[in-house]
Amino acid sequence: MTAGRLLRRTRLQLMLWSGGLTLVVLLILGGAVYLTVSRALASSGTAVLEDRAAEVARFVGPRPGPGRTPFGISFGGRGSGTLALVIEPDGSVLGLEGGEQIAGIPDGDAIAAARIDTVDVRTSQVAEIPVRIVSRAVQRIDGQYVVQVVGERLSEQRLLDALTIALLGGGLAALLLACGVGYVYAGRALVPIRDAMTRRDDALRRQREFTANASHELRTPLTIIRSSVDDLRRNRDQPVASVGEALTDIDAEVSHVTALVDDLLLLARTDAGALELDVEPIDLADIGAEAAGALTATAAERQVAIVVDPRPAPIAGDALRLRQLVTILIDNAVRHSPPGGTVSVTVRPDGGGALLMVDDQGRGIREEDREHVFERFWRADDAPLGGTGLGLAIAAWIVERHGGSIEALDAPAAGARFRAQLPARPPSQDLTTDEDAVG
């Protein structure tokens with residue numbers, strides 16, 4: 001499974017977990033709200049019916065209270081909209097005028113339960129209308145009467161239905177919002193993991209490319225060396241002068257392999273983070289002049305002149321690595337300069353730091369090649385022979401390790417310019433100079 005698919009799957013799982021937990025919370029909360037409201041409505045409705053039943057019971061009791069007959073439909077007051085009936089011991093009903101009968105009223109089961117338990121509360125259906133029925137037994141000398149009060153639950157049921165719709169609609173909206181927010185935050189939470197996996201994949205890719213390129217670069221000089229050794233074996237009895245060309249080839253290729261191995265070891269140490277800077281106060285102008293002086297003879301062999309224009313640029317840095325930086329840039333410029341050309345090395349102070357510019361008079365750098373010049377083992381199609389393709393990558397590492405920046409540009413006249421900006425001191429370095437110590 002690729003890293004992208006794994007991250008998408010993980011993000012979806014996190015979203016589902018977020019949505020699932022939200023759904024559980026909504027179900028619990030919605031159920032609690034519905035149950036609370038339902039019980040509150042039922043308690044209120046039952047209280048109204050019990051009050052009406054108690055009123056009728058006082059009238060029917062052994063000592064009837066004063067007032068009008070409280071049977072039938074009640075209009076106004078707390079018991080408004082309720083129907084009160086009295087069932088005599090013989091089963092006849094008081095409260096339905098003219099012998100009018102309503103299907104389901106009175107409720108026989110409720111009457112039987114009230115005769116046993118004194119009070120019975122239940123819900124039922126009358127003409128497809130939900131009702132609540134409270135039945136209360138009243139004992140008199142002439143027998144046991146039952147007061148039955150009926151109240152409709154239609155408005156209560158409509159309120160609960162509206163509450164259900166509101167809870168479902170609100171819950172669905174909250175669930176969708178939770179899933180959306182969970183998806184967004186899961187994506188943000190996975191950013192470090194995605195970056196780490198990207199870095200890992202990039203490191204593996206670079207490792208494979210590094211191995212392949214190193215093998216390719218080593219194959220050619222080793223082939224030449226083997227051929228030269230075979231030639232020496234075939235002519236082992238000949239004087240050295242007659243096989244001098246083979247010895248020259250071996251020497252050149254051994255030097256090339258040595259430089260390549262040194263560069264590979266340096267890059268391997270940088271990748272492993274095992275190479276630290278030895279920071280000290282230096283003047284980049286002195287470093288530039290020393291590096292240019294060391295390459296003057298090599299440049300002269302190629303009929304190239306090196307011109308140094310330094311100005312004092314004190315900074316804090318690793319003198320050995322900065323000299324290696326200048327050497328790499330000058331050597332690269334000399335290789336790309338034609339016979340009779342000039343390589344210019346300029347050092348200037350720059351806002352507390354230093355600016356290094358190395359110009360050549362070669363063909364310059366094509367626009368499409370500029371983004372690749374600092375890549376390992378990358379070489380342009382028209383690059384001169386003898387390079388390893390690692391020098392500019394090492395130069396870029398040195399500049400970046402010092403907290404600076406490097407770029408490839410067009411030289412003002414012709415050719416290419418490499419421009420490196422270095423800060424006053426590398427990042428994460430607490431450097432104390434001798435002057436600071438004295439002060």
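Quick note: structure is the one above.
Calculation notes
- Every chain is numbered independently, its residues counted from 1 as its sequence is written.
- Only residues with pLDDT of at least 70 get local features here, since the model is predicted, and only at 80 or more are side-chain atom pairs given and counted; chain-wide, interface and lining totals rely on the full set of residues.
- Hydrogens and water molecules were not included; the side-chain quantities draw on all heavy atoms of the structure.
- In this analysis, strands are considered paired if DSSP registers two or more bridges between them.
- Secondary structure elements are defined from DSSP: runs of H or I of at least 4 residues count as helices, runs of E of at least 2 residues count as strands, and each element is numbered from the N terminus.
- Structural elements are reduced to axes, namely lines fitted to C-alpha atoms, with helices fitted over the stretch in contact, and the angle between N-to-C directions of any two is expressed from 0 to 180 degrees.
- By definition in these notes, contact holds between two residues if any of their heavy atoms fall within 4.5 Å.
- Among the buried residues, those of types Ala, Val, Leu, Ile, Met, Phe, Trp, Tyr and Cys that are joined through side-chain atoms within 4.5 Å form a nonpolar core.
- Exposed residues in this analysis have more than 50% of their type's maximum accessible area, buried residues have under 20%, and partly exposed residues fall in between, with area computed by a 1.4 Å probe over protein chains only.
- Like-charged residues within 9 Å of one another, or nonpolar side chains (Val, Leu, Ile, Met, Phe, Trp, Tyr) within 5 Å, are grouped into patches, provided each residue has over 30% relative accessible area and no salt bridge.
- Accessibility throughout is a Shrake-Rupley quantity obtained with a 1.4 Å probe, and a residue counts as covered only by protein chains that appear here.
- Any Lys or Arg side-chain nitrogen located within 4 Å of an Asp or Glu carboxyl oxygen qualifies as a salt bridge.
- Only Phe, Tyr and Trp rings take part, Trp by its six-membered ring, and two of them pair if their centres are within 6.5 Å. Stacked means planes under 30 degrees apart, edge-to-face means over 60, and tilted covers everything else.
- In our convention, an over-ring charge means Lys NZ or Arg CZ found within 6 Å of a ring centre and within 35 degrees of that ring's normal.
- The arc in question is the one traced by the directions running from the helix axis out to the C-beta atoms.
- Polar contacts, as counted here, are pairs of nitrogen or oxygen atoms within 3.5 Å of one another; within protein the pair requires one atom able to donate a hydrogen and one able to accept it, and residues that are adjacent in sequence qualify only if both atoms are side-chain atoms.
- Working rule for angles: under 35 degrees goes down as roughly parallel, over 145 as roughly antiparallel, 65 to 115 as roughly perpendicular, anything else as oblique.
- By the definition used in this description, the sense in which the near helix is turned from the far one sets the handedness, with an anticlockwise turn below a right angle giving left-handed and a clockwise turn giving right-handed.
- Only Asp, Glu, Lys and Arg are considered charged in this grouping, and only Ala, Val, Leu, Ile, Met, Phe, Trp, Tyr, Cys and Pro are considered nonpolar; every other residue, Gly among them, is considered polar.

Draft legend 1. The sheet that holds strand β12 (residues 405-410), seen in detail. In space, the 5 strands of this open sheet follow the order β8-β10-β11-β13-β12, with mixed pairing throughout. Each edge of the open sheet is held by one strand with a lone partner, namely β8 (305-310) and β12. For this sheet, the mean inter-axis angle between neighbouring strands, taken without regard to orientation, is 15°. Summarising the sheet, strand β11 (residues 353-359) and strand β13 (residues 416-422) pair through 6 bridges and their orientation is antiparallel. The partner of leucine 356 across the bridge, within β13, is alanine 420. In this fold helix α8 (residues 319-336) packs onto β8, β10 (342-350), β11, β12 and β13, with an angle of close to 20° to the strand it touches most, β11.

Draft legend 2. Fine view of the nonpolar core. Membership of the largest hydrophobic core comes to 43 residues, with the highest contact counts inside it found for Leu284, Leu322, Leu329, Ile330 and Leu356. Counting residues per element, the ones that place at least two in this core are α6 (284-294), α8, β10, β11, α9 (391-401), β12 and β13. Of the residues forming this core, the biggest block, 9 residues, is contributed by α8. What leucine 356 contacts, discounting residues up to four positions off in sequence, is Leu284, Leu325, Val326, Leu329, Val345, Thr346, Val347, Phe418, Arg419 and Ala420.

Draft legend 3. Looking closely at the environment of arginine 302. Within the secondary structure, arginine 302 is located in the loop between α7 (296-301) and β8. In this structure, the C-alpha to C-alpha distance between arginine 302 and serine 337, residues 35 residues apart in sequence, is 8.7 Å. Every residue in contact with arginine 302, bar those within four places of it in the chain, is listed here: Val334, Arg335 and Pro339.

Draft legend 4. Region of the structure containing the environment of alanine 305. Topologically, alanine 305 is positioned in strand β8. In this view, alanine 305 contacts Gly341, Thr342 and Val343; residues no more than four positions away in its chain are not counted.

Draft legend 5. Examining a nonpolar patch on the surface more closely. Judged by side-chain polarity, Leu177, Val181, Tyr183, Val184 and Tyr185 come together as a nonpolar surface patch covering roughly 480 Å² of accessible area. Turning to its location among the elements, valine 181 is positioned in helix α3 (residues 154-189).

Draft legend 6. Quick look at the packing of aromatic side chains. In the structure shown here, the tally under the stated rule is 1 aromatic pair. Both rings, one in phenylalanine 374 and one in phenylalanine 418, keep their centres 6.0 Å apart while their planes meet at 85°; by these two values the pair is edge-to-face. Taken together, the residues phenylalanine 374 in the loop between β11 and α9 and phenylalanine 418 in strand β13 connect sequence positions 44 residues apart. Judged by its relative accessible area of 4%, phenylalanine 418 falls in the buried class. The side chain of arginine 140 reaches across the aromatic face of tyrosine 145, ending 4.9 Å from its centre.

Draft legend 7. Layout of helix α2 (residues 108-117). Regarding α2, the residues found buried are Ala110, Ile111, Ala113 and Ala114. Along the long axis of α2, the arc covered by the buried residues comes to 165°, so they all point the same way. Of the exposed residues in α2, those oriented more than 90 degrees away from the buried face are Asp109 and Ile116. For α2, the elements touching its buried residues are β2 (82-87), β4 (119-126), β5 (129-140) and β6 (143-152). At the N-terminal end of α2, a side-chain oxygen is found 3.0 Å from the backbone nitrogen of aspartate 109, two or three residues along, and the residue is aspartate 107. One or two steps after α2, the chain reaches threonine 118, where phi turns positive at roughly 75°.

Draft legend 8. The packing of α6 against α8, seen in detail. For the pair α6 and α8, the least separation of the axes is 9 Å and the interaxial angle reads 50°. Classified by the angle between their axes, α6 and α8 sit oblique to one another. Note on packing geometry: the crossing formed by α6 with α8 is right-handed. Judged by residue contacts, Leu284, Ile287, Gly288, Glu290, Ala291, Ala292 and Ala294 of α6 engage Ala319, Leu322, Arg323, Val326, Thr327 and Ile330 from α8. Its residues placed into classes, the contact of α6 with α8 shows 9 nonpolar, 2 polar and 2 charged.

Draft legend 9. How the structure looks around the pairing of strand β9 (residues 314-318). Counting buried positions over the 5 residues of β9 gives 4, a clear majority of the element. Of the strand pairs in this sheet, strand β7 (residues 279-283) and β9 are connected by 5 bridges, and their pairing is antiparallel. Each bridged residue has a counterpart across the sheet, and for valine 279 the counterpart in β9 is aspartate 318.

Draft legend 10. How the structure looks around the environment of histidine 336. With respect to the helices, strands and loops of the structure, histidine 336 is situated in helix α8. Relative accessible area serves as the criterion here: at 34%, histidine 336 is assigned to the partly exposed category. Placed 79 residues apart in sequence, histidine 336 and glycine 415 show a C-alpha to C-alpha distance of 8.5 Å. In terms of polar contacts, histidine 336 uses its side chain to reach the backbone carbonyl oxygen of asparagine 332, at 2.8 Å.

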